[in-house]
There are 2 protein chains.
Amino acid sequence: MAVQVLTVLAYKAGEPVTSSLLAASVNTNPVVIRRLLLVLQTAGFVETRKGASVGSRLRLPPQRIDLAQIYRAVETSEPFKLPQRNPKNPCAVGHCIQAALVQVFAATETALERELAKTSLAHILGLVEKSCGQNRKTPH
Amino acid sequence: MAVQVLTVLAYKAGEPVTSSLLAASVNTNPVVIRRLLLVLQTAGFVETRKGASVGSRLRLPPQRIDLAQIYRAVETSEPFKLPQRNPKNPCAVGHCIQAALVQVFAATETALERELAKTSLAHILGLVEKSCGQNRKTPH
DNA sequence: TTAAATGTAACCCGTATGGTTGCATATCGT
DNA sequence: ACGATATGCAACCATACGGGTTACATTTAA
């Protein structure tokens, strides 16, 4: 969802967009968008002003935003977390395996981010504009 | 968890292990283990016999099992699924972006599996035995 | 000053994962 | 043959998480 919102913002190329409009584009609730925008603000991706007839806009050019950055900003719980199997049983391979899995999963995580880093927001925007084949400023 | 169970089975090197013992090693419930074993059975990784003093054992050598296979067997919901934003609104970038994101996420998924395929169960077993530094057959 | 927008809190809901109990069934060992 | 043992399976509960919804105070441009 974050990618979708940022793509719309990139599509608007710096013009402020209200959360209601973003919500309509993603087909969800404005509040959900605002929650997401707060995260994107602290990550430095967007700038939001309060008040009438304003909204949010990109702070960085789409070329300088890639999916890995968005992933790190948005993702809370690591998909490769080991379920924190507690102590309690004194033995078993279970104890030793944790450390091994941490290594492997960390490697996987970095590989994942390296892959995501290959795709920039500008790239996605290009795909959208090409496949959609529409003129700017008119998202209809 | 699946990796952990399979590692223990590999550790036992073909000897049948009961779900209760596996549960103790992973510190969880035997039923949970059995549910997982059913998946691993249909995936062809393990073989389970019912009855007294038996259990499950590996059907393949640990070298021929890698994390990508386990991932595909166990994982149900794709981590990179787009939330199925329905039609309902006639316009917006939202419609065009779906196709673009599908491409990008599919590429990410394959990259992830390619990374997971690098690590075999035998490799993990090696890490465990080295870091744990214990003799076989006696996980306590 | 007023309309419009954000920030934020408080809920609800659907889904997924894992845990728990209980019981029928199959099978090994004696 | 029989009892001990372990799986298969169903039902239910607890928890966490993402997302949706409503409501309200606050800020700001026009």
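All values reported here derive from a predicted model rather than from experimental measurement.

Scoring rules and cut-offs
Residues numbered from 1 in each chain as written. Chains lettered and ligands numbered in written order. Predicted model: local features only at pLDDT ≥ 70, side-chain atom pairs only at ≥ 80, totals over all residues. Heavy atoms only, no water. Helix = DSSP H or I, 4+ residues; strand = E, 2+ residues; numbered from the N terminus. Buried < 20%, exposed > 50% of the residue type's maximum accessible area, 1.4 Å probe, protein only. Contact = heavy atoms within 4.5 Å. Areas by Shrake-Rupley, 256 points an atom, 1.4 Å probe, with all protein chains shown as cover. Near = heavy atom within 4 Å. Polar contact = N/O pair within 3.5 Å; in protein donor to acceptor, adjacent residues only side chain to side chain. Nonpolar A, V, L, I, M, F, W, Y, C, P; charged D, E, K, R; others polar. Axes fitted to C-alpha atoms, helices over the stretch in contact; angles between N-to-C directions. Parallel < 35°, antiparallel > 145°, perpendicular 65-115°, else oblique. Salt bridge = Lys/Arg side-chain N within 4 Å of Asp/Glu carboxyl O. Left-handed = near helix turned anticlockwise from the far one by under 90°. pLDDT = per-residue confidence, 0-100.

Looking only at helices and strands, chain A has 6 helices and 2 strands in total. Walking chain A from its N terminus toward its C terminus, one meets helices and strands in the order α-α-α-β-β-α-α-α. The 140 residues of chain A split such that 44% are buried. Long-range pairs, those at least 24 residues apart, make up 65% of the contacts in chain A with a sequence separation of at least 6. With the model as given, the accessible surface of chain A reaches about 7400 Å², and the carbon-plus-sulfur share is 54%.

The full set close to DNA strand C counts 26 residues, and S19 and G51 of chain A together with T28, R35 and K50 of chain B are the nearest of them. The separation between a base nitrogen of DNA strand C and a polar side-chain atom of R35 of chain A is 3.2 Å. K50 of chain B places a main-chain nitrogen or oxygen 3.3 Å from a sugar or linking oxygen of DNA strand C. At the level of secondary structure, the elements contributing two or more residues to the surface near DNA strand C comprise helix 3 (30-42) of chain A together with helix 3 (30-42) of chain B. Of the residues forming the surface near DNA strand C, the biggest block, 5 residues, is contributed by helix 3 of chain A.

The environment of DNA strand D is made up of 25 residues, and the closest members are T28, R35 and K50 of chain A together with S19 and G51 of chain B. Each atom of DNA strand D within 4 Å of the protein belongs either to a base or to sugar and phosphate, the latter forming 60%. T76 of chain A places a side-chain nitrogen or oxygen 3.2 Å from a phosphate oxygen of DNA strand D. A distance of 3.5 Å separates a base oxygen of DNA strand D from a polar atom in the backbone of A52 of chain B. Among the secondary structure elements, those contributing two or more residues to the surface near DNA strand D are helix 3 of chain A together with helix 3 of chain B. Here the surface near DNA strand D gets 5 residues from one element, more than from any other, and that element is helix 3 of chain B. Residues that form the surface near DNA strand D fall into these classes: 6 nonpolar, 12 polar and 7 charged.

Moving on, we come to unusual backbone geometry. All names here are of chain B. Phi at A13 is positive, roughly 55 degrees, even though this residue is not glycine. Counting through the fold element by element, A13 comes out in the loop between helix 1 (2-12) and helix 2 (19-26). With relative accessibility at 49%, the residue A13 sits in the partly exposed group. With a phi close to 65 degrees, N27 is a non-glycine residue in the positive phi region. Note on placement: N27 falls in the loop between helix 2 and helix 3.

Residue and element names in this part refer to chain B. Orientation of helix 1 relative to helix 6 (residues 121-132), taken along the N-to-C sense of each, is 75 degrees, at an axis distance of 10 Å. Compared by their axis directions, helix 1 and helix 6 come out roughly perpendicular. Across the interface between the two elements, V3, L6, T7, A10 and Y11 of helix 1 pack against L121, I124, L125, V128 and E129 of helix 6. Across the contact of helix 1 with helix 6, the residue classes tally to 8 nonpolar, 1 polar and 1 charged.

This brings us to the pattern of salt bridges. Residue and element names in this part refer to chain B. Scanning the model with the defined rule gives 6 salt bridges over all chains in all. For K118, the salt bridge goes to E115, with nearest N and O atoms at 3.2 Å. Judged by its relative accessible area of 64%, K118 falls in the exposed class. Note on E115: relative accessible area 15%, which makes it buried.

Our focus in this paragraph is the packing of helix 1 (residues 2-12) of chain A against helix 2 (residues 19-26) of chain A. Helix packing geometry: the angle between the two helix axes and the distance between the axes. Residues and elements named next belong to chain A. Following both chains from N to C, one finds helix 1 and helix 2 inclined at 115 degrees, their axes separated by 10 Å at the closest point. The way helix 1 lies across helix 2 gives a crossing that is right-handed. Contacts from Q4, V5, V8, L9 and K12 in helix 1 reach L21, L22, S25 and V26 in helix 2. Considering only residue class, the contact of helix 1 with helix 2 consists of 6 nonpolar, 2 polar and 1 charged.

Moving on, we get to the confidence of the model for chain A. Residues and elements named next belong to chain A. The pLDDT averaged across chain A works out to 86; a share of 84% of its residues lies at or above 70. Taking the mean pLDDT of every element in chain A, the minimum, 84, falls on helix 5 (residues 92-116) and the maximum, 97, on helix 3. Counting interchain partners and residues more than four positions distant, the pLDDT-below-50 stretch residues 136-140 has 15 contacts.

Moving on: the environment of I124 of chain B. With respect to the element layout, I124 of chain B can be found in helix 6. Expressed as a C-alpha distance, the spacing of I124 of chain B and D66 of chain B, which sit 58 residues apart in the sequence, is 9.6 Å.

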